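Results of the structural survey
Each chain, written out:
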Amino acid sequence: MPDEEKSIPKKVVPKKKQLDPRELTTCEATAMMLAKARNDGVELAFDRATNMKACPIGADSACCKHCFMGPCRLNSKDPYSKVGVCGATIDTIMSRNFARAVAAGCAAHTDHGMAMLDLFREVLEGHIKDYEIKNVQKLYYVAQEMGIETEDREVKDIAMDLYKELERTYTQVDGEIPFAKRVPEKTLETWRKEGIVPRGAMREIMELLHRSAIGVDQHYANITKQCSRVALADGWGGSMVATEIADILFGTPSPIAIETNMGVLKEDQVNIIVHGHEPNLFESMVASVAEPTLIQAAKDAGAKGLNLVGMCCSGLEMFSRHGTPHAGNFMSTETVLVTGAVDAMVVDVQCIKQALAQVAECYKTQLITTNPRARIEGGKHIEFHEDNPKECTDEIVIQAIGRFKNRGVEVEIPNIVNTGVHGFSHEYINYMLGGTFRASYTPLNDNIINGRIRGVAGVVGCNNPRMKQDYVHVNLVKELIKNDVLVVQTGCSQIALAKAGLTTPEAAHLAGPGLKEVCETVGMPPVLGLGACVDNSRILIACSEMVKTGGLGESIADLPVAGCAPEYMSEKAITIGQYFVASGVFTVFGVTFPIVEGTKFHKHLFEELEELGMGKWGFATDPFEIAEMMIAHIDKKRKALGIDKARERVLMDMSDRRDIDAA
Ligand code: BF8
């Protein structure tokens, strides 16, 4: 290939500060590609974050722009010294801002869930033929839970009744959402007492946007109630429907060994990355890359084949269901393009950085948008329609083959692949610990009661370029398992741990003696990957099962469990945090928290919600401090349950700590 064809169009980074890649990420492949991007003169989010200080007033949520008498800026250092033009206090302003984030996050998940439900209905009505119900057993299970008669009835009739029932999750104007039936009675009682059982998500989001507008709800505690109601409409509503319908249509995941990291790209194949959140597109991509005529077209172009790879959340769903390899998490979506090996990056909705268009242009990658809700300037749009899905996905493959033929850039793929076991579900936990013939949560509860497992932690969420990528996820999880805390994961956090090699059964040797014994007996990893961010609903169901199984209290708030999103960046994470808190879980966030300490609203979220029978928020940025907070909470709950026994926390010695800090 002539040299001029291999040159990268320079997007020269003006004289700006650049940090060493090793200070920005613990992901080796990302560090290598970050260094390459620097050589190629390509700017990435890591560089922009280094050079753009976060707005200090916004970071503290001390500004209000909900009307045009402002924007009003308050002083977070002296929060009660001023009020906005309308008289809004710091507590009102912060709770309104928080409310808008919760509404946006809930809207994202519920819009996704409703799209899944639309697909389900269209399949049932016969308008869509390329998808079908793959998991009839799960359909029966969910239908029965919802009180739908299943005996001697056609599958289609049961499914249509289930559709009608679940549609209420979104559209119902009064009454409780369908999956409220899954909530432990005492937790539900707390919600009823507080008036936060969700009606339909549309109604709840509408009311929250209304209440957080100028001159409406001006009491932080009352605004928080509606935040909880909206958040619960996500966790026990939109997200849960998205998960359950995806399982019914595409199959419930079960454990499978899967390859992760950038080494899953193949220089001699046509590489197609799907990056986004809705599994429909990805399912059709799986069908297109198996199409013999397209495989032949790839071979005719000189490729050995078609290599389909996932990134971020829909990638997590696909690798759990199909074993599709996964290239990385949120802070690797730009760097993966720097390999030059990506022939097409196909995106749908959520967490798609706009800068991907520019980076893709630098490396002559096709950036293809597919969803009518989400276009990007500079991207090519090939719209995806479920009634003719392969029209879009076949065309994507053709475009990718075209780019393979004329790559025109050097290809450099980090030779790093991590194999781990993923695809756990709340159903599978039954079988894994209970065995095929006595599937139940009893063995999990028993192991918690007898102290082998100290408690369960959900470690989930994003990367954020204001933190060293994956550092907090990995070190937090290592510290938790070392202290016999079983970790369940979703989202980009799950990929961080997969890259760190902790999703293998062999990682049991890093666990404390009790957890290690359980893992070795069952042959499971100490870190269980449950899937995408909407699959946090699986964690809620697992919590509910633990309560209903008995021995660990009467409500989710009684369980020795804790949650954390240590590197979050998305509004969706705030919503997830709030639904875990409202469900009864102590939830710690890292990076930053958009609330001023020492204010009434801060006290409400970080202390008072727990006094009302829910969970509470926590905040810390250091992984070891976070672990300490979570373990202390788990021990507090063990003590309240009367199952505490003397156990010393295994402390990391200084040499361990130095090794980690040097990593
Ligand atoms: O929903 S973990 S960066 S990819 S928001 Fe986004 Fe965060 Fe990743 Fe999926 Ni979830």
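The coordinates are above.
Below you will find a few notes about this structure.

On to the packing of aromatic side chains. Summed over the entire model, instances satisfying the criterion amount to twelve aromatic pairs. Note on Phe589 and Phe593: the rings are 6.4 Å apart at their centroids and 75° apart in plane angle, and the pair reads as edge-to-face. For the pair formed by Phe589 and Phe593, the shared burial category is buried. Ring geometry for Phe593 and Phe606: centres 5.2 Å apart, planes at 85°, overall edge-to-face. In this pair, Phe593 sits in the loop between β14 (586–589) and α25 (600–611) while Phe606 sits in helix α25, placing the two residues 13 residues apart along the sequence. Judged by its relative accessible area of 7%, Phe593 falls in the buried class. Judged by relative accessible area, Phe606 falls into the buried class, the value being 12%. Here the basic side chain of Lys353 rests over the ring of Phe330, its NZ or CZ set 4.0 Å away from the ring centre.

All right, on to a nonpolar patch on the surface then. Taken together, the side chains of Met69, Val85 and Ile214 make up a nonpolar region of the molecular surface, amounting to roughly 280 Å² of accessible area. Assignment of secondary structure puts Met69 in the loop between β1 (63–64) and β2 (72–73).

For the rest of this paragraph, the subject is the coordination of the nickel atom of the ligand. Only one protein atom coordinates the nickel atom of the ligand: Cys533 (SG), located 2.3 Å from the metal. Note that the nickel atom of the ligand binds four donor atoms; their angles at the metal cover 93 to 148°, and the shape is irregular. Tracing the chain through its elements places Cys533 in the loop between β12 (527–529) and α23 (536–549).

Buried residues dominate strand β5 (residues 306–311), accounting for six of its six residues. Side chains of β5 alternate between two faces, with Leu306, Leu308 and Gly310 and Asn307, Val309 and Met311 buried alike.

What counts as what
Residues numbered from 1 in each chain as written. Predicted model: local features only at pLDDT ≥ 70, side-chain atom pairs only at ≥ 80, totals over all residues. Heavy atoms only, no water. Phe/Tyr/Trp six-rings, centres within 6.5 Å; stacked < 30°, edge-to-face > 60°. Buried < 20%, exposed > 50% of the residue type's maximum accessible area, 1.4 Å probe, protein only. Helix = DSSP H or I, 4+ residues; strand = E, 2+ residues; numbered from the N terminus. Lys NZ or Arg CZ within 6 Å of the ring centre and 35° of its normal. Patch = residues over 30% accessible without salt bridge, like charges linked within 9 Å, V, L, I, M, F, W, Y side chains within 5 Å. Areas by Shrake-Rupley, 256 points an atom, 1.4 Å probe, with all protein chains shown as cover. Salt bridge = Lys/Arg side-chain N within 4 Å of Asp/Glu carboxyl O. Donors = N, O, S within 2.8 Å, 3.2 Å for Na, K, Ca; no water. Tetrahedral: all angles 85-135°; square planar, octahedral: opposite > 155°, others 65-115°.

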